Amino acid sequence: MLLGDDGGLRPTIFAEMSALATSSGAINLGQGFPDEDGPTEVLEAARQAITDGFNQYPPGTGMPVLRNAISAHQQRFYGLTVDPDREVLVTAGATEALAATILALTEKGDEVVTLEPFYDAYGAIVGLAGATHVTVPMRAPLFQPDPDELRAAITDRTRLILINNPHNPTGSVLPRETLQLIVELATKHDALIVTDEVYEHLVFDAPHIPVATLPGARARTITISSAGKTFNTTGWKIGWLTAPHAIVSSIVAVKQFLTFVNGAPFQPAIAVGLALPDSFFTGIAATLGRKHDLLSSGLTDAGFAVTRAQGGYFVVADAAPLGYDDAEEFCRALPGLAGVVGVPISAFVRQGNRAEYRSLVRFAYCKRESVLEEAVARLGALAR
């Protein structure tokens, strides 16, 4: 369930599409979860942690072994110095990190600015916090925000600027110039920046740029990431955030009343994962890039207009060239048409803004290549 534009709760499109995939036997390219296990070293470390008795409540901010690993990761990949004891918080996935952050740092009357389309939890959490959700559109085919629209949206009423980069659902990556503009606007209006960077290691064209590395950003940035997407462990729900100590303390005050703690045996296992060699991290990006190309080529051959993703799990395809102007209706029909499930981009857009995204569909390529090959073969029926 999620919070709708009217403040009421409604079922998510993901639950509906996944149920449709199950009932129809269609290939589920709607929901973004891998169908392959992560690295053996990480899985074995979890098994060993269970054997070694790490099965009770871990410390409230996370096990020292994982907090140290997160700190080392930030230094290794981005040159960021993070105090593992004061500036790191382990959470129940990135979604809890987002929830605790928004609930801790906003109140009624504050504005939270996000890009649109947006991951559906953003709007729901902002609504639960009683804050006002302000969006800046990302329009096809490039899915980049207009600088002037960013300037208009971010004002003295803005408390948080929430950026998802690489972006779900569009697969776009924000360039340095846009990130720097966001920092400048946050500084001008004394806003905080929250960055959802769960796809940080899954970029295809250029290295990931954390906002916290940019001049003037470190003191006002909460950086959120997780293990699920990097290590194919979405069910473990191990996430984290890094931020200045005073901000972390405020977030901990809320987080302790959400899950309190979680995933004791998985925390040392993710610490092992974060220390894997560079070849692992470059390898997962290269593998995912090949899967992206495989699915994108098949969608193009089937008649879709496809926007190339720059990172993440998803590719956006326009069903209009196939004669379908309503992606929601198309996605409900697609299992019968081709035995495949996708998700309409309109599910990530507020009701009043859906017209220009009306025919767009998100497909997940984070699946085994054999599954993608079968999906491509089935989608070929649309071209006949």
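All values reported here derive from a predicted model rather than from experimental measurement.

About the cut-offs
- Residues numbered from 1 in each chain as written.
- Predicted model: local features only at pLDDT ≥ 70, side-chain atom pairs only at ≥ 80, totals over all residues.
- Heavy atoms only, no water.
- Core = buried A, V, L, I, M, F, W, Y, C linked by side-chain atoms within 4.5 Å.
- Buried < 20%, exposed > 50% of the residue type's maximum accessible area, 1.4 Å probe, protein only.
- Contact = heavy atoms within 4.5 Å.
- 1 Å grid on protein atoms, 1.4 Å probe; cavity = no way out; pocket = protein on both sides within 12 Å on 5 of 7 lines; lining within 4 Å.
- Points joined across faces, edges and corners; volume = space filled by probe spheres on them.
- Helix = DSSP H or I, 4+ residues; strand = E, 2+ residues; numbered from the N terminus.
- Pairing = 2+ DSSP bridges.
- Axes fitted to C-alpha atoms, helices over the stretch in contact; angles between N-to-C directions.
- Expected span 1.5 Å × (residues − 1).
- Patch = residues over 30% accessible without salt bridge, like charges linked within 9 Å, V, L, I, M, F, W, Y side chains within 5 Å.
- Areas by Shrake-Rupley, 256 points an atom, 1.4 Å probe, with all protein chains shown as cover.
- Salt bridge = Lys/Arg side-chain N within 4 Å of Asp/Glu carboxyl O.
- Phe/Tyr/Trp six-rings, centres within 6.5 Å; stacked < 30°, edge-to-face > 60°.
- Lys NZ or Arg CZ within 6 Å of the ring centre and 35° of its normal.
- Parallel < 35°, antiparallel > 145°, perpendicular 65-115°, else oblique.
- Nonpolar A, V, L, I, M, F, W, Y, C, P; charged D, E, K, R; others polar.

Visitor: Provide a residue-level description of the nonpolar core, including the pertinent values.
Guide: Counting 96 residues, the largest nonpolar core has Ile222, Phe231, Ile270, Leu295, Phe304, Phe363 and Leu379 as its most contacted members. In this view, Ile270 contacts Val42, Leu66, Ala227, Phe231, Thr233, Trp236, Ile238 and Trp240; residues no more than four positions away in its chain are not counted. Leu115, Leu179, Val211 and Val349 belong to the second largest nonpolar core, which has 29 residues in total.

Visitor: Explain the layout of surface pockets to me, using residue names and the numbers behind them.
Guide: In this structure, the largest pocket spans a volume of roughly 800 Å³. Listed by contribution, the elements that provide at least two residues to the lining of the largest pocket are α4 (93–105), α5 (120–129) and α8 (228–231). Of the residues forming the lining of the largest pocket, the biggest block, six residues, is contributed by α4.

Visitor: An account of the sheet that holds strand β6 (residues 132–139) is requested, with residue identities and associated values reported.
Guide: Here we have eight strands laid out as an open sheet, ordered β4-β11-β10-β9-β8-β5-β6-β7, and mixed in their pairing. This sheet does not close on itself; its edge strands, each paired only once, are β4 (88–91) and β7 (144–145). In the sheet, strand β10 (residues 221–226) pairs with strand β11 (residues 239–242) via four bridges, with the strands oriented antiparallel. Residue pairing in the sheet places Thr223 in a bridge with Thr242 of β11. Packing of helix α9 (residues 245–255) onto the sheet brings it into contact with β4, β9 (192–196), β10 and β11, and relative to β4 it is tilted by some 25°.

Visitor: Tell me what's going on with helix α11 (residues 278–302), and back it up with residues and numbers.
Guide: End to end, α11 covers 37 Å across 25 residues, agreeing with the expected 36 Å (1.5 Å per residue, within 8%). Looking at the residues trailing α11, positive phi occurs at Gly303, about 115°.

Visitor: An account of the pairing of strand β16 (residues 360–364) is requested, with residue identities and associated values reported.
Guide: In terms of burial, β16 is largely enclosed, as five of its five residues are buried. Residues Leu360, Arg362 and Ala364 point to one face of β16 and Val361 and Phe363 to the other, with burial holding for every one of them. Sheet analysis places strand β13 (residues 314–318) next to β16, joined by five bridges and oriented antiparallel. Across the sheet, Ala317 pairs through a bridge with Val361, a residue of β16. Pairing geometry for strand β15 (residues 343–344) and β16, over two bridges, is antiparallel. From the neighbouring strand, Pro344 faces β16, where its bridge partner is Val361.

Visitor: Account for a nonpolar patch on the surface, naming residues and giving values.
Guide: A cluster of nonpolar residues, Leu103, Leu128 and Leu258, forms a patch on the protein surface that exposes about 280 Å² of accessible area. Position of Leu103 among the secondary structure elements: in helix α4. By relative accessible area, Leu103 is classed as partly exposed at 34%.

Visitor: Go over the packing of aromatic side chains with me, naming the residues and quoting the values.
Guide: Enumeration according to the criterion identifies 15 aromatic pairs in this entry. An angle of 85° between the planes, with centres 5.8 Å apart, marks the rings of Tyr119 and Tyr122 as edge-to-face. The class of Tyr122 is buried, set by a relative accessible area of 2%. Both rings, one in Tyr324 and one in Phe330, keep their centres 4.7 Å apart while their planes meet at 45°; by these two values the pair is tilted. Exposure remark for Tyr324: the relative accessible area of 30% places this residue in the partly exposed category. Three or more aromatic residues joined by ring pairs make a cluster, and in this case those are Phe77, Tyr78, Phe231, Phe280 and Phe281. The aromatic ring of Phe314 is capped on one face by Arg362, whose charged end is 3.5 Å from the ring centroid. Over the ring of Phe33 we find Lys367; its NZ or CZ atom is 3.7 Å from the centre of that ring.

Visitor: Talk me through the packing of α11 against helix α13 (residues 369–379); I want residue IDs and the actual numbers.
Guide: Remark: α11 packs on α13, axes separated minimally by 9 Å, with the N-to-C direction vectors making an angle of 5°. The pairing of α11 with α13 is recorded here as roughly parallel in orientation. Residue-level contacts link Arg290, Lys291, Leu294, Leu295, Gly298, Leu299 and Ala302 of α11 to Glu369, Leu372, Glu373, Val376 and Leu379 of α13. Looking at the contact of α11 with α13 residue by residue, the class counts come to seven nonpolar, one polar and four charged.

Visitor: Account for the sheet that holds strand β12 (residues 305–307), with residues named and values stated.
Guide: Sheet architecture is open: four strands sit in the order β12-β13-β16-β15, paired in antiparallel fashion. Here the strands that pair on one side only, and so sit at the sheet edges, are β12 and β15.

These figures come from the coordinates and say nothing about function on their own.
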